[in-house]
Amino acid sequence: MAAMNLGYMLSRSAAAYSDHLAIIHGDLALTYREFNERVNRVASAFRQLGLEKGDRVAIFSPNRAEILEVLFATWKAGLVAVPMNFRLHHDEVRYILNHSEAKVLVYAGVFQDAIGRIAGDLSATRIAVCLDELEGKGRQAFQTVLDYRELLEHGDDAEWVELVDGDDLAWLFYTSGTTGRPKGAMLTHRILLLMTLNVCADIYPFGHDDIGLHAAPLTHGSGLYALPLIAKGGTNVILAAPSFDPETVFASIEKHQVTVLPFMAPTMVKRLIESKARTKYDLRSLRCIIYGGAPMYVEDLVAGLKAFGPVFAQIYGQGECPMTITGLSREEHDLNRPERLASAGTARLGVQVRIQDNDGNELPRGTVGEIAVRSDLVMKGYWRNPEATSDTIVNGWMRTGDVGYMDEQGYLYILDRTKDMIISGGNNIYPREVEEVLLRHPAVQEACVFGIPDREWGEAVKAVVVLRQGHTATEEELIAFCRDRLA
């Protein structure tokens, strides 16, 4: 039914909140009526260009309003979005385009030269849409080349949402490729609809009066969390700056009266915390900062709560189970419960989480092992990669590759990735445990712990630290500090 199509969420909000601002990006401001009309035009143009249901549309651009338009147009037309990190090397872009067999590439003009270098190596991509005005050389690389203005003129704005099944693909979410070639997690309309409902139920109750600021990439976490904002008729402010800058974020919060930062990586949050004392901007409108992508250190969270108040909400998820494995609510970010701040919260609604050994056997509470997930929110599998799918989803449980343990109350504590674990003298050592201790030293601002080869021990534990300005600490002092606090 059409209601299962993610595009219907925009149609619904456009009917209910037609004159409410949907998107703000620099000088651009679109109401829900205007946003929906532009999306309908792009969806119509895609179909008029010969795209058929299930065809893939790739997106390669820094944050801008058109990313959200193309995402929803893709879904309304029954197509599949393939958003790519704009920081990828052009060889990685070539691989993803060929692996996904994307028929269309939508890209920012700043990447014109890079796209030109790979155009002749693409097996399926025949239509290119540049988000900026094209010059002559940009029109020679593909069979059909348009700029975005021409694409909008090509379609019509009649309301229309393609009928899809809930199990039809909506988003191919390509992993970072840290363990080899990127893998495309297959996310369906049903998975992303369930994710949207779950976010509103478990993490933050998005509403019509919410104004969200997107500072992280819309092609990944922030784009996923644009869905609940759009579903509830909220406003999406897209940061105009090309890179992350705390002062720009603070200025945008004050200017637009931002209520929520829909998705922030811990590194971003740490930079906001460190800059908060120096800013003179009014941040009282801010209700929630949703962070995830990696665990935050307890010392950083404590500093954040003291600086911003009880506005933090943590999500733990992966592209394979989008943004939805466990969560730690704003209420549970309690300075009086520091042990809870070290956790990633409890299993989200509709999600089962367990700790298991290498053979897939569930381990008792308090035992360290691999985190596994079972849910209707888990990906359909990896696109054109059955071997990786069977290695990752075993007997209905998705192996996350993360190591952790669960306490008696069901709170999950993430230690590290399985590949980051250090084995020294037969002992398993998790870098995060050492990093947490180092960060408690008053002179240490940042710490990174890793293993290096050692003939006697197999691996030796090493740390790189950044000291706070005006502070000093010797190597011996820091080692003694750790010795007093670690096994």
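Preceding block: the structure.
Report on the accompanying structure. Predicted, not measured: the structure shown is a model, and the values here were computed from it.

1. So, the side chain of threonine 259
Mapped onto the fold, threonine 259 is located in the loop between α10 (246-256) and β12 (260-264). Judged by relative accessible area, threonine 259 falls into the buried class, the value being 4%. Look past the residues within four positions of threonine 259 in its chain and what remains in contact with it is Tyr204, Asp209, Asp210, Ile211, Ser285, Leu286, Arg287 and Cys288.

2. What to know about the nonpolar core
Phe35, Phe46, Trp75, Leu192 and Phe308 are the most contacted members of the largest nonpolar core, which totals 114 residues. The dominant element in this core, judged by the number of residues it contributes, is helix α3 (residues 65-76), at 8 residues. Those residues in contact with leucine 192, other than ones at most four positions away along the chain, are Leu6, Trp75, Ala170, Trp171, Leu187, Leu224, Leu227 and Pro322.

3. Some thoughts on the packing of aromatic side chains
Using the criterion set out here, one finds 11 aromatic pairs in the structure. Each ring, one from tryptophan 171 and one from phenylalanine 173, has its centre 6.0 Å from the other, and the planes form 25°; the classification is stacked. Residue classification places phenylalanine 173 among the buried positions, given a relative accessible area of 12%. Taking the centre distance of 6.2 Å and the plane angle of 75° together, the rings of tyrosine 291 and phenylalanine 312 count as edge-to-face. Of the two residues, tyrosine 291 is situated in strand β13 (residues 288-291) and phenylalanine 312 in strand β14 (residues 312-318); the sequence distance between them amounts to 21 residues. As far as the burial class goes, tyrosine 291 and phenylalanine 312 line up, both buried. Three or more aromatic residues link up through ring pairs in this structure, and these residues are Tyr32, Phe35, Phe72, Trp75, Trp171 and Phe173.

4. Let's talk about the environment of isoleucine 211
Topologically, isoleucine 211 is positioned in strand β10 (residues 211-214). Overall, isoleucine 211 belongs to the buried group, its relative accessible area being 19%.

5. With respect to the pattern of salt bridges
Counting across every chain of the model gives 24 salt bridges. A salt bridge links arginine 94 to aspartate 91; its shortest N-O distance comes to 2.6 Å. Remark: aspartate 91 and arginine 94 occur in helix α4 (residues 90-100); sequence separation between them is 3 residues, near one turn of the helix. Assessed through its relative accessible area of 36%, aspartate 91 is described here as partly exposed. Linking aspartate 210 and arginine 287 is a salt bridge whose minimum nitrogen-to-oxygen distance equals 3.1 Å. Highlighted residues: aspartate 210 in the loop between α7 (189-203) and β10 and arginine 287 in the loop between α11 (266-276) and β13, separated in sequence by 77 residues. In this structure aspartate 210 comes out as buried when scored by relative accessible area, which is 0%. When salt bridges that share partners are traced, they join Arg56, Glu101 and Arg384 into one network.

6. Structural notes on α10
Buried within α10 we find Pro246, Val249, Phe250, Ser252, Ile253 and His256. Taken around the axis of α10, the buried residues stretch over an arc of 160°, which confines them to a single face. Packed against the buried residues of α10 are β1 (21-25), β10, β11 (235-238), β12, α11 and α12 (298-308). Downstream of α10 by a residue or two, glutamine 257 has a phi angle that is positive, lying close to 55°.

7. A closer look at the environment of tyrosine 316
Along the chain, the position of tyrosine 316 falls in strand β14. With a relative accessible area of 7%, tyrosine 316 lands in the buried category. Considered as a pair, tyrosine 316 and threonine 346 are 30 residues apart in the sequence and their alpha carbons are 9.6 Å apart. If near-sequence neighbours (up to four positions away) are discounted, tyrosine 316 is found in contact with Met323, Thr324, Ile325, Thr326, Ala344, Ile371, Thr400, Asp402, Leu412 and Ile414.

8. Side note on the packing of α10 against α11
Helix-helix packing is described using two parameters, namely the angle between the two axes and the distance between the axes. It is the contact of α10 with α11, at a shortest axis distance of 9 Å, that shows an interaxial angle of 80°. The orientation of α10 with respect to α11, classified from their angle, is roughly perpendicular. Two secondary-structure elements touch here, α10 through Pro246, Glu247, Val249 and Phe250 and α11 through Arg271, Leu272, Ser275 and Lys276. Taken together, the residues that form the contact of α10 with α11 break down as 4 nonpolar, 1 polar and 3 charged.

9. Some remarks on the packing of helix α1 (residues 7-16) against helix α2 (residues 32-48)
Two elements in contact, α1 and α2, have axes separated by 8 Å at closest approach and are oriented at 145°. Crossing of α1 over α2 shows left-handed handedness. Each of Leu10, Ser11, Ser13 and Ala14 in α1 lies in contact with α2, whose residues at this interface are Tyr32, Phe35, Asn36 and Val39.

Criteria and cut-off values
- Residues numbered from 1 in each chain as written.
- Predicted model: local features only at pLDDT ≥ 70, side-chain atom pairs only at ≥ 80, totals over all residues.
- Heavy atoms only, no water.
- Helix = DSSP H or I, 4+ residues; strand = E, 2+ residues; numbered from the N terminus.
- Buried < 20%, exposed > 50% of the residue type's maximum accessible area, 1.4 Å probe, protein only.
- Contact = heavy atoms within 4.5 Å.
- Core = buried A, V, L, I, M, F, W, Y, C linked by side-chain atoms within 4.5 Å.
- Phe/Tyr/Trp six-rings, centres within 6.5 Å; stacked < 30°, edge-to-face > 60°.
- Salt bridge = Lys/Arg side-chain N within 4 Å of Asp/Glu carboxyl O.
- Arc of directions from axis to C-beta.
- Axes fitted to C-alpha atoms, helices over the stretch in contact; angles between N-to-C directions.
- Parallel < 35°, antiparallel > 145°, perpendicular 65-115°, else oblique.
- Nonpolar A, V, L, I, M, F, W, Y, C, P; charged D, E, K, R; others polar.
- Left-handed = near helix turned anticlockwise from the far one by under 90°.

These results come straight from atomic positions and should not be treated as a statement about function.
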